[in-house]
Each structure stands twice: as structure tokens, then as C-alpha cells.
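Understanding the architecture of this molecule
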Amino acid sequence: KYVLPGTHLRSARWRYPVVLLHFFNTSLQSFDSKCLHRSGPRGEAQQHGHTVTLPRFLEEPVDAYIIKSNPIKLRCQAPALQIFFKCNGEWVHQSQHMSQEHTDLQTGLKIREVMINVSRQQVEDFHGPEDYWCLCVAWSHLGTSKSRKASVRIAYLRKNFEQDPQGTEVPLSGMIVLHCRPPEGVPVAEVEWLKNEEALVSEGVADRTGDHSLVVSEAQLSDSGNYTCVASNIVAKRRSATATVVVYVNGGWSSWTDWSPCNVRCGRGVQKRSRTCTNPTPLNGGAFCEGMSVQKSTCSTLCPVDGSWSEWGEWSACTPECERQRGRECTAPEPKHGGRLCDGVALATDNCTGGLCTQNKKLLHDAKPQGVEGSSDVALYSGLAAGVVTVVLLIIAVTLYRRSQSEYGVDVIDSSALTGGFQSFSFKTSRQANPLLINPSMQPDLTVSRTYTSPMCFQDSIDKELMAEHSLLDPLPDLQVVCPHQSPSVDSLGTAERAEYRVPSHPQTFPRGLAPDYRAVGATLGRRGKTLFAPQASFTPSRQVQNATAVFGRAGGRLVVPNTGISLLVPHGGIAEDTTWEMYMIINQEDSSAVSDEESEIFLSPAVTYGPPGLDLSCPIAMTVAHCAEVAADNWTIRLKRQAQDNKWEEVMSVDEESTSCYCLLEANRCHLLLEHPGRYALFGAPMNPDAAKRLRLAVFGCPDPSSPLGFSLRVYCVDDTPNAFQEVAVGEHSRNGRLLEEPKTMLFRGTAFSLQVSIQDVPQLLWSIKPFTTCQEFSFSQVWASSRHPLQCAFLLERYSHSSSQLSCKISVRQVKGEEQILQVYTSVLENEKAVVPFFSQSDCTVTSQTGSRAFKIPLSIRQRISATFDTANAKGKDWQLLAQKLHIDRNLSYFACQESPSSVILSLWEAQHQDTGDLDSLASALEEISKVQSSRTAALSYSRDEQDSEFSDLG
């Protein structure tokens, strides 16, 4: 009946009758109102004084991606009466809409917001010519508006790259091009490049093209490395295969040197000049220089002509002095071209009268100058007299000096006698002798200079001591010396066969009830199968046990396990008279993760056992152990622990605290302990902060691969920086015919929880190939930090392309992530016996592991006893053991020495342990010399004070 202008009936859907009816009624009312006011189709808008438009969307749906199975939300917002979603041309059911309304405070319009969820299943079930899409339709009384289409796609990223980058070798200044086509994905993946696992910073050198290729227009040596293409989108991240880029340098000739002199002195010869392939030196498999490195050329040298005399001329007339002369010349021939001059005189003189010519009534040949004979006798006697006077004055001066020194008594220690009575050392400065210290007839020989260079091996020589005290050199009735038990492979390291030295055993070597048993060590040392070791001395069968044993008596001695940094000093008098003990030391590294009660504590030294358990000594022994802690900064809490009967470790003392049960002197690489009770001891450390570090020793060994005729194996070890840890590696490598290819290096491994990476670099790609996926290997932090049971090892297997490639050069990088890095440079021949083997140890192995009596000590017994007698008791001159400790730089935990029967003797034992390897007597001699000077000044001050008191008393009188 009515024609409704402005209505859009075709856009409505009859499936929504309520909406259509409402819209129809609203249109009718609007039309009637317009007719009554005769205002035309827009009369209502004009009546209200403003223009009304179609709904305008404040928020439209945007493109979205479904990640995995998570649905996405599409949202619309507009001032409208109704908003509905339409997806893929179909209306979304009203029940799937989530809507809410609010009023805009500025315009007063009602704003409607509508959301729907789109699931992965809906998108997968849609099959159309285009992507799944949705839009919004908003209704108002003026009409409808449509939003933009929003596409909904399922996000993904394929696993495989369409094109992986390929490794390449380019010359220096050449162009590097690495292509990368990322995997197919939605949305399209973004690409970045990694170099050696770090994001590549181009800095204008590398250019990433539109197809994701990496281009380096001018390659430098620093551009060598492992490159990886990384593709990522909102779903995942993918890594391509690693491409190794090697920038090589072709060799270039240096300038020619000057021609050498002709190789013959006379005639036709050869001279040469040379050049080297060092401009530049070939690197990373670059080609060697082509051409000759030496040029030769013929040369001619004029031969020298030696001069010769001509015939003598006629004699001249006889002179008034009865002489005649004749001459000759060096002209037959003359010397030429560097020839020798004529030998002899050119002018000869002769008596022309046959000796009958006289002068002052004497024959000419009998005449002598006046006073010659008399002056010779006077000079002779004058020299003798001067010498006698000098000797007499020297004797008088020495006597006066000795008398001036004697007023201090027999307790004054003079360093000259001290240095003269010690064992061999490097010391050539003479000091005046003190007759009050030792017998004047025993003069030290200060002209001899020797150096004791082997701290862990004793030289078995008779002349080691310069001044021997015969009463102290009487050998024990039983002496047994045994090297650590080694496999036959150790023989070539310097010991042809394991040696044992025996003499008949004294029947009282052990106190009753104690007898030795070496079954725990794994070898028989000649006793009858009784138990020597305590029950807690248990060993891991898989580990090589390093040990040493020897018999000691009252004279004491020293016991050493070679090449381990472990030694034991038994002081003189520590064992009772007429008693001997067969003592032993055993080294066994343990896994700190298995024995430490505290998670943060680790072993800093090997566990060392000394015994036997019933050992009874009157004074402490001095034991030296090596450790691997970096103690320059106070980043550690270090404790000494002892293993109890139940195999638990109990704390004995903290290094930083006072203790009267034992003493610990911590040095940079080792620790000196004064102990009184046998057992197993070890140093534990707990890091106080992440800067705490332990030292690692790094070594690389190599040998041909037995499984491949062209193969070569490189093995890199990372062990604690203690001698015994490296010895185990060396022994194992020797059994595998391994060669040490580079001097071992040390690095600091800090407690930052970062791992240790070992990688091989600069392998010539044209000559060698390496097993894939082995160029970089990694140890976890806990493997390096806490474990000391097995050496950490990684292997690199290389294979040369031909037999002609006999040289291998590469670098081994060992670095802690975000920490220190060390480089081991390898340059070796792969042919056996072609390159000299670097020695495993700086000193050769030895069979003598113990010394007894005075030969084991630096300080002779008589001097040691005099020092102890002088300083053990305080006196008016201020000399006591505390002053001695101060001068020897022992300034902490003095309460331990105060509890000893002879503090000075214990201090000297500690000094012996400190200086066992260097034999440095200067420190002790200088300390005693300083004490003597201090005492002299104190004595002079005391004498002056007494004179002043006497003067006052006389004035009072």
C-alpha cells in the first residue's frame, strides 16, 4: 500500500522477521511524519537541526591467525541498533554473538560492541576459493553499513628449509654469498643470521638481500665461522644447517734478501739470496707461494796474493857504534787482494867487528845499564814485606770482629754458618762466620753453587750435602723405596722398570699388633698379608692408585709421590728412639657429588691418606698437597676435612679461622698442613660468590686413527690444575700412543653456572674433513665444577683427503660461556715419529721417593737444634719463637705453635715444607740476620740505659 522511500528491503533476510517488522514499522512512522510536515524524505533530520548518516564503525575486525588449537576473537564496534557477523557469505547465528552496549558521553549515542569466536575446526572445514573471512553488518533506522573483510588463517611453519646455506671457502677480500630460503609458513617467516651462535651484526659489511641471502662484499679473516640461518614466525623458530665459511689467505713472497758473499775466497764460486712466503703467510689452507725461495748466481773473486821478501841488500858501512845494516822489501811479490804481509823484519843490524868493538873499555855485548841488578832485588823484598803486613792486619781485623760479636752469647744465630751448612742451593754471597755457632774447623764452602731443581724427585747422589754431619748420616737398618704402581705403559715416561730397593728388615720396624698389608694398593711389597691400612682407606678399582711408602726412624725424613705435588715431612725426633715405622701415602681423587654433605662444596685437592693408623709421633708431620682454587681474591670458604670411620667427611678446621688441632698454610697452588693424627684428608671449598674460580689445565693430544688409514684423532682434556690429575691423563695417553701437541695451558673456570665449550677452528677445508656435528662440543657446568673422578675429554676425528697431506694445523678453543677463553694452537705432522714428542712432564720420573736422615732436610740438625734452643724460651734480648715466626711471614694462628712442646722446631718444619722444591735458604738466612741486627740495637739501647742509671746513682751518692 505504501511506497517506502529510502528503505532497503532487498538487504533484509526473512529469516529474521522480528528485526524486519521492527524496521518496517519504524519506516512507516517515519514516512507518516514526513508526509504530515511536508518536509520530504529528510524532513525529520532537518527538524532536529543535524544530519544523520549511516552507521560508522569505530572498530572493524582485523586479520587474525589461529595458533595451534586456540580460537581467535573478531570484534566490531559502531553506533547502531544491531550488529551481526557474516562469514564466508553466511550469517552467523545470533547465539554465537557476544554483545554489549554503552553510551558515548560526548555524542550521547549508544555504542554497540559485538564479538564472535572462530575455531580452528571452522577454518579447516571451510573449502572455498579464498581464505576464511568475516565482516560485520550494522543496522540503524537510516540503513546498514558493512565493515572490511577480515581473513582468518591457520598459522604454521614447515620444518625443512627450502634452501639451506652451503659452506664455502673464499680468498681474502673475496665475496661471500650464503643463500637461504626459509620454510613455507603463515605468516611468512622472518629471517635472521647467526655467526658462531651469536646474532650477526653487519655494521655495513654484511648485506641481507631481499631473498634472505647474506652477502659479504669483501671478506676478512674475522668473517670465518659457522653461519646459521634462523627463520621464525608467531608459531615456531627453525634453524638451518650450519654453513662453515673459511676465509683463506694465499701466500705471497717477501722481498729478496741481499746477495750473500761469494762462498769461495778465491776463484769462481756461488752466491745466493732468498725470500720467504710470509707476505702474507698462507692461512686456513691457502695456497703456498709458487716459484723458488732461493736464487743462486755464479761469482768470481780475485785470489789474494801473499807478500814475499826480496833478496837482502848489501851491508852498509860500519858506523862509529860498530854497527852495520842491510834491508829488503816485501815486493817479491807484493801482497794483493787481501793477501798476507811478509813475516819478519825489513831492516837487519849486525856488529861489524865480530864482537870486538868496545865501549867504555867493555865489550859492547857485555854492557848493562847501571843499577838494574840492584833494583830487581829491592822490588822483590819490598813485595814480600807488603804481603806479610797485609796478612797480619787482616788476621787482627777478623779477630777483633769476632770478639765484638761474642758478647751476645751462643744463642746469636749468624746467617753465614747457616747458609754454609745447608744442602745445595744457588748462593754465592759470602758472609762472616760466627765461631760461636759451629765448630770453626767446619768452614762452609761458599764457592760452590748448585741448584736443587726437582721438588718431587730426589737426586740419589752422594755429594748432595755440602756439609755433612757424620753422626746424622748413619742409615737406618731397614730402607725400602717404592715408586707409585704404574702400568707398563708408564715405563717409557722415564722409568725403565718399577724399582724396589730392599735391605733386611729390622725386627722392630712396627710396634706390636701393627703389621702392613698392601693388598689395598694392588701390589705386594714383601710383607706377610696382614692389614696395614685403616678400614676407611677404600679405593675405587677403576682409578689408578698413586702411593709411596718408606721406613722412618728417629732421624725422620721425607716421603714423596712423584709428579703429584704431594709430599710428607717427618721431623727429626718425631719417632721414638729405637723405633721405626713403615709409613705410606695414598692419593685417590673422589667425586665431590658423591661425598660432600653440602651441595655447594667441591673438592679442591685430591684426598690424601697417610698412615699407618696407629702411628705415634711426638710432634706434627708436615704434609704438602696441591689444590686448584684461585685464591688471589677472597671468593672461597676453604675447609680441611678428615674422613671418619663411616666414610663421612668431618670438618677439621677452616683455613680462615684459628685452630689448635692443626695448622694450614695456604699458597697459590698448594697447601702445607701440620697434622698429628693419621687418616684421609682433603681440601673442600664453597664459593662465596659467582666470581669464585678453580684452575683448569688444558691439554691436547693426538695420534693416527687406527680405524682409518687417513684418519687422525685429536683429544682435548680439561682437568683440575693439580699435578696428579694431569699425570693420570699423561699415563693414559701414553698407553694409546698419544702425543702432546701443545704445552698445557691453564684457565679460570668461574662459578657462574655457565657451561664449557670446546671447538675446533681453522681446519684446512681443502686438505682435511671433520666428522659432522663434532666441531663444537660442550660440558655442562656441573660436569666441570663438581666432578674430579674422571678427566673431561672430547675428541675430534679428522680425515685427510690424500696421503700427501702430512701436516695438520688448527686451533682448539676452550671457553666458558660469558667467561675466559684459551686457545691451543696445533701444528703437527700426522706421520708417526716424524715430529718430536713434547715431554709430558718438565722433569723425568724417578724411583727414589723417600729420603731419611739429614739428607732429607735443608737445615742441618746442629743448626736446627741451636735455633730451637735460642727461640723456644723468651729472654731479655727479646728473642722468642713469635719473633722467628714473624720474620718468616707466619703471622696467623700462632696459638697452634704455642701449644707445641718446641714451637720453633715446628715452625722450621713448616719452613722446610714450604721450600722443599727451591732449596731457597736466603729467606731463612735473611730472617736470622734481621733478628741479629734487632738484637744488636736492643743490646746497645739496654747498655746505654744501664750507663745512665749508674750515672744517676753516682750523682745521688
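Before reading on, note that the structure itself is shown above.
Everything numeric in this text was worked out from a predicted model, so none of it was measured. (Residues numbered from 1 in each chain as written. Predicted model: local features only at pLDDT ≥ 70, side-chain atom pairs only at ≥ 80, totals over all residues. Heavy atoms only, no water.)

Attention now goes to the layout of surface pockets. Of the volumes computed, that of the largest pocket is approximately 1,400 Å³. Considering the residues around the largest pocket, the lining is formed by 42 residues, among which N196, G225, N226, T775 and C776 are closest to the centre. Where the lining of the largest pocket is concerned, the elements lending two or more residues are strand 18 (225–232), strand 20 (243–248), strand 45 (756–761), strand 46 (768–770), strand 47 (776–779) and strand 49 (807–816). Sort the elements by how many residues they give to the lining of the largest pocket and strand 45 lands first, with five residues. Its residues assigned to classes, the lining of the largest pocket shows 14 nonpolar, 18 polar and ten charged. A domain-level breakdown of the lining of the largest pocket finds at least three residues from each of domain 2 (156–248) and domain 4 (693–829). (1 Å grid on protein atoms, 1.4 Å probe; cavity = no way out; pocket = protein on both sides within 12 Å on 5 of 7 lines; lining within 4 Å. Points joined across faces, edges and corners; volume = space filled by probe spheres on them. Helix = DSSP H or I, 4+ residues; strand = E, 2+ residues; numbered from the N terminus. Nonpolar A, V, L, I, M, F, W, Y, C, P; charged D, E, K, R; others polar. Domains from an automatic or database assignment.)

Bringing the pattern of salt bridges into the picture now. Applying the stated criterion across every chain yields a total of 24 salt bridges. Here E124 and R120 are joined by a salt bridge, their closest N and O atoms 2.9 Å apart. Taken as a pair, E124 and R120 lie in helix 3 (residues 120–125) at a separation of four residues, close to a single helical turn. R340 is paired through a salt bridge with D306; the nearest N and O atoms lie 3.4 Å apart. Of this pair, R340 sits in the loop between strand 23 (323–327) and strand 24 (347–351) while D306 is found in the loop between strand 22 (294–301) and strand 23, placing the two residues 34 residues apart along the sequence. When its relative accessible area of 34% is taken as the criterion, D306 is described as partly exposed. Via salt bridges that share partners, E601, R639, K641 and E651 belong to a single interconnected network. (Salt bridge = Lys/Arg side-chain N within 4 Å of Asp/Glu carboxyl O. Buried < 20%, exposed > 50% of the residue type's maximum accessible area, 1.4 Å probe, protein only.)

Where two cysteines share a covalent bond between their sulfur atoms, that bond is called a disulfide. What the rule picks out here adds up to eight disulfides. Each sulfur of the disulfide joining C87 and C134 lies 1.9 Å from the other. The sign of the 110 degrees torsion about the S-S bond sets the C87-C134 disulfide as right-handed. With a gap of 47 residues between them, C87 in strand 3 (residues 82–87) and C134 in strand 7 (residues 132–140) connect regions that are remote in the sequence. Both residues of the pair, C87 and C134, belong to the buried class. Across the disulfide, C277 is cross-linked to C289 (sulfur-sulfur distance 2.0 Å). A torsion of 80 degrees about the S-S bond marks the disulfide between C277 and C289 as right-handed. Of this pair, C277 sits in the loop between strand 21 (267–274) and strand 22 while C289 is found in the loop between strand 21 and strand 22, placing the two residues twelve residues apart along the sequence. Both residues of the pair, C277 and C289, count as buried. Of all cysteine sulfurs, the one in C794 lies closest to C718, which takes part in no disulfide; the gap is 6.3 Å. (Disulfide = S-S within 2.5 Å.)

Burial within strand 41 (residues 693–704) is extensive, with ten of its twelve residues counted as buried. Relative to strand 44 (residues 745–750), strand 41 runs antiparallel, the two being bridged by six bridges. Counted as the bridge partner of L696 is M747 from strand 44. Pairing analysis gives nine bridges linking strand 41 to strand 42 (residues 711–720), with the strands arranged antiparallel. Residue V700 lies in a different strand from strand 42, and its bridge partner there is V716. In this structure, the hairpin formed by strand 41 and strand 42 is closed by a connection of six residues. Taken together, the two bridges between strand 41 and strand 43 (residues 739–740) define a ladder with antiparallel strand orientation. Bridged to G702 within strand 43 is R739. (Pairing = 2+ DSSP bridges.)

Spatial strand order, 38-39-35-31-30-51: six strands in an open sheet with antiparallel pairing. With one partner strand each, in any of the chains shown, strand 38 (663–666) and strand 51 (850–852) form the two edges of the open sheet. Strand-to-strand twist in this sheet, taken as the mean axis angle between neighbours without regard to direction, amounts to 10 degrees. (Axes fitted to C-alpha atoms, helices over the stretch in contact; angles between N-to-C directions.)

Along the chain, A332 connects to P333 via a cis peptide bond; the corresponding omega equals 0 degrees. Residue position: P333 is located in the loop between strand 23 and strand 24. In this chain, G611 is followed by P612 through a cis amide linkage whose omega measures 20 degrees. Within the secondary structure, P612 sits in the loop between strand 34 (607–611) and strand 35 (621–626). Although it is not a glycine, N284 adopts a positive phi angle of roughly 55 degrees.

The next thing to look at is the side chain of D720. Looking at where D720 falls in the secondary structure, it is placed in strand 42. What makes D720 buried here is its relative accessible area of 10%. In this structure the side chain of D720 is engaged in a polar contact, spanning 3.0 Å, whose partner is the side chain of K694. (Polar contact = N/O pair within 3.5 Å; in protein donor to acceptor, adjacent residues only side chain to side chain.)

What follows is about the environment of E676. Note that E676 resides in the loop between strand 39 (670–675) and strand 40 (679–687). What makes E676 partly exposed here is its relative accessible area of 37%. Along the sequence, E676 and I621 sit 55 residues apart, while their C-alpha atoms lie 6.5 Å from each other. The residues touching E676, leaving out its near neighbours within four places in the chain, are Y610, P620, S661, Y896 and Q900. A distance of 3.3 Å separates a polar atom in the side chain of E676 from a polar atom in the side chain of Q900. (Contact = heavy atoms within 4.5 Å.)

For the rest of this paragraph, the subject is a nonpolar patch on the surface. A contiguous nonpolar surface patch, about 560 Å² in accessible area, is contributed by V388, V389, V392, L393, I396 and L400. Relative to the helices and strands, L400 is located in helix 4 (residues 372–405). (Patch = residues over 30% accessible without salt bridge, like charges linked within 9 Å, V, L, I, M, F, W, Y side chains within 5 Å. Areas by Shrake-Rupley, 256 points an atom, 1.4 Å probe, with all protein chains shown as cover.)

Once that is clear, we can look at the packing of aromatic side chains. Scanning the model with the defined rule gives 16 aromatic pairs in all. Between F781 and W785, the aromatic rings sit 5.4 Å apart at their centres with planes inclined by 20 degrees, giving stacked as the arrangement. One end of the pair is F781 and the other is W785, both in helix 8 (residues 781–786) and four residues apart, which spans about a single turn. A relative accessible area of 19% places F781 in the buried class. W785 sits in the buried class, given a relative accessible area of 7%. (Phe/Tyr/Trp six-rings, centres within 6.5 Å; stacked < 30°, edge-to-face > 60°.)

Sheet architecture is open: four strands sit in the order 47-45-49-50, paired in antiparallel fashion. Unpaired on one side and paired on the other, strand 47 and strand 50 (821–829) mark the two borders of the sheet. Geometrically, the sheet is characterised by an average inter-axis angle of 20 degrees between neighbouring strands, direction not taken into account. Where strand 45 lies against strand 49, six bridges are found, and the strand directions are antiparallel. Within strand 49, the residue paired with I760 across the bridge is I812.

One way to put it is that helix 9 (residues 861–871) packs onto helix 12 (residues 903–914) with a least axis distance of 8 Å and a crossing angle of 135 degrees. Accordingly, the angle class assigned to the pair helix 9 and helix 12 is oblique. Where helix 9 approaches helix 12, its residues R864, I867, S868 and F871 are matched on the opposing element by S904, S905, L908, S909 and E912. A class-by-class count of the residues in the contact of helix 9 with helix 12 yields three nonpolar, four polar and two charged. (Parallel < 35°, antiparallel > 145°, perpendicular 65-115°, else oblique.)

The side chains of a regular strand alternate between the sheet's two faces. Counting buried residues in strand 36 (residues 636–643) gives six out of eight residues, a clear majority hidden from the surface. Two strands pair when backbone bridges link them, and strand 36 and strand 40 are joined in this way by seven bridges, in the antiparallel orientation. Bridge assignment links R639 to a residue of strand 40, and that residue is F684. The hairpin turn running from strand 36 into strand 37 (residues 649–654), its antiparallel successor, is five residues long, and N647 in that turn takes a positive phi close to 70 degrees.

Formed by 66 residues in total, the largest nonpolar core has its most connected members in Y610, M623, L714 and I812. Contact partners of L714, with chain neighbours within four places excluded, come to F701, G702, L741, I760, C794, A795, F796, L798, L808, C810 and I812. Grouped together as the second largest cluster of nonpolar side chains are 30 residues, A622, I863, A913 and L924 included. (Core = buried A, V, L, I, M, F, W, Y, C linked by side-chain atoms within 4.5 Å.)

What follows deals with the environment of N647. Relative to the assigned elements, N647 resides in the loop between strand 36 and strand 37. The spatial distance from the C-alpha of N647 to the C-alpha of R680 is 9.9 Å, given a sequence separation of 33 residues.

Within the element layout of this structure, A155 appears in the loop between strand 9 (150–154) and strand 10 (156–157). For A155, a relative accessible area of 5% translates into the label buried. If near-sequence neighbours (up to four positions away) are discounted, A155 is found in contact with Y65, I66, I67, V186, P187, I234 and V235.

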